[in-house]
Amino acid sequence: MTVEDTQEAAGDEPSKSQRKRDADVVRQLGATLAALGESERATIPLSDEVRAAIDEYNRIHQRGARKRQLGFLAKRLRQIDLGPVELALERLRQITRSQTDSLHRVEHWRNRLLGEVDSESSSEALTAFIENYPSADRQQMRQLQRRSLAEHEAGRPPAHARQLFRLIRDLVVPSIESDASSDS
């Protein structure tokens, strides 16, 4: 075998550094899977061996033992097709981002209704909210808005502001979800 043949054979295989980077990616995937909650992990297509390795990893608290178990978990992960696992993880991330965006929108409306936005008054915000969400009970919104503003001025705990937030969430989030499903 000549030097050229050795180089050609070596060119087909990834370098040692590349294999280490690939192993680190799989190890990080294992740590990500272990950090998920039980219900989230149930949506990921994993073999029973991988699930058992994750459960064992989560039971261990000693640093060295956790590191060894993570290596074992990564070894189990390398034995399965990771495409569906990564796809399911991405779906979970999208759902989380969508929920976060929804809550930010609800918080923004609450802040507008409480007059915390400089460009408009709380009554203008209520008019805008009713225009955007005609199914909202105008009287209930106005009462909660007034009570929230009064408790804020009095320095009391924000009990009515929380009720206002829940009411806004119940109106805004379903409409966001229906908009997203109609876009698909």
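Residues numbered from 1 in each chain as written. Predicted model: local features only at pLDDT ≥ 70, side-chain atom pairs only at ≥ 80, totals over all residues. Heavy atoms only, no water.

Undergrad: Mind showing me how you'd approach the pattern of salt bridges here?
TA: Applying the stated criterion across every chain, the model contains 7 salt bridges. R59 is the partner of E56 in a salt bridge, and the nearest nitrogen-oxygen pair spans 3.1 Å. One end of the pair is E56 and the other is R59, both in helix α4 (residues 48-59) and 3 residues apart, which spans about a single turn. Overall, E56 belongs to the partly exposed group, its relative accessible area being 32%. Residues D170 and R169 are paired through a salt bridge, measuring 3.7 Å at the closest nitrogen-oxygen approach. Judged by relative accessible area, which is 48%, D170 ranks as partly exposed. Owing to a relative accessible area of 31%, R169 belongs among the partly exposed residues under this scheme. What emerges from the salt-bridge pattern is a single network uniting E38, R41 and D55. (Salt bridge = Lys/Arg side-chain N within 4 Å of Asp/Glu carboxyl O. Helix = DSSP H or I, 4+ residues; strand = E, 2+ residues; numbered from the N terminus. Buried < 20%, exposed > 50% of the residue type's maximum accessible area, 1.4 Å probe, protein only.)

Undergrad: For this particular structure, what's the right way to read the packing of helix α2 (residues 16-35) against helix α6 (residues 83-113)?
TA: Between two packed helices, what matters for the description is the angle formed by their axes and the separation of those axes. One can describe the packing of α2 onto α6 by two numbers: an axis separation of 12 Å at closest approach and a directional angle of 50°. Taken together, the axes of α2 and α6 lie oblique to each other. As for the relative orientation of α2 and α6, their crossing is left-handed in sense. Only V85, E86, L89 and R93 of α6 make contact with α2, whose side of the interface consists of L29, T32 and L33. The residue inventory of the contact of α2 with α6, partitioned by class, reads 4 nonpolar, 1 polar and 2 charged. (Axes fitted to C-alpha atoms, helices over the stretch in contact; angles between N-to-C directions. Parallel < 35°, antiparallel > 145°, perpendicular 65-115°, else oblique. Left-handed = near helix turned anticlockwise from the far one by under 90°. Contact = heavy atoms within 4.5 Å. Nonpolar A, V, L, I, M, F, W, Y, C, P; charged D, E, K, R; others polar.)

As far as function goes, none of this settles anything; it's purely spatial.
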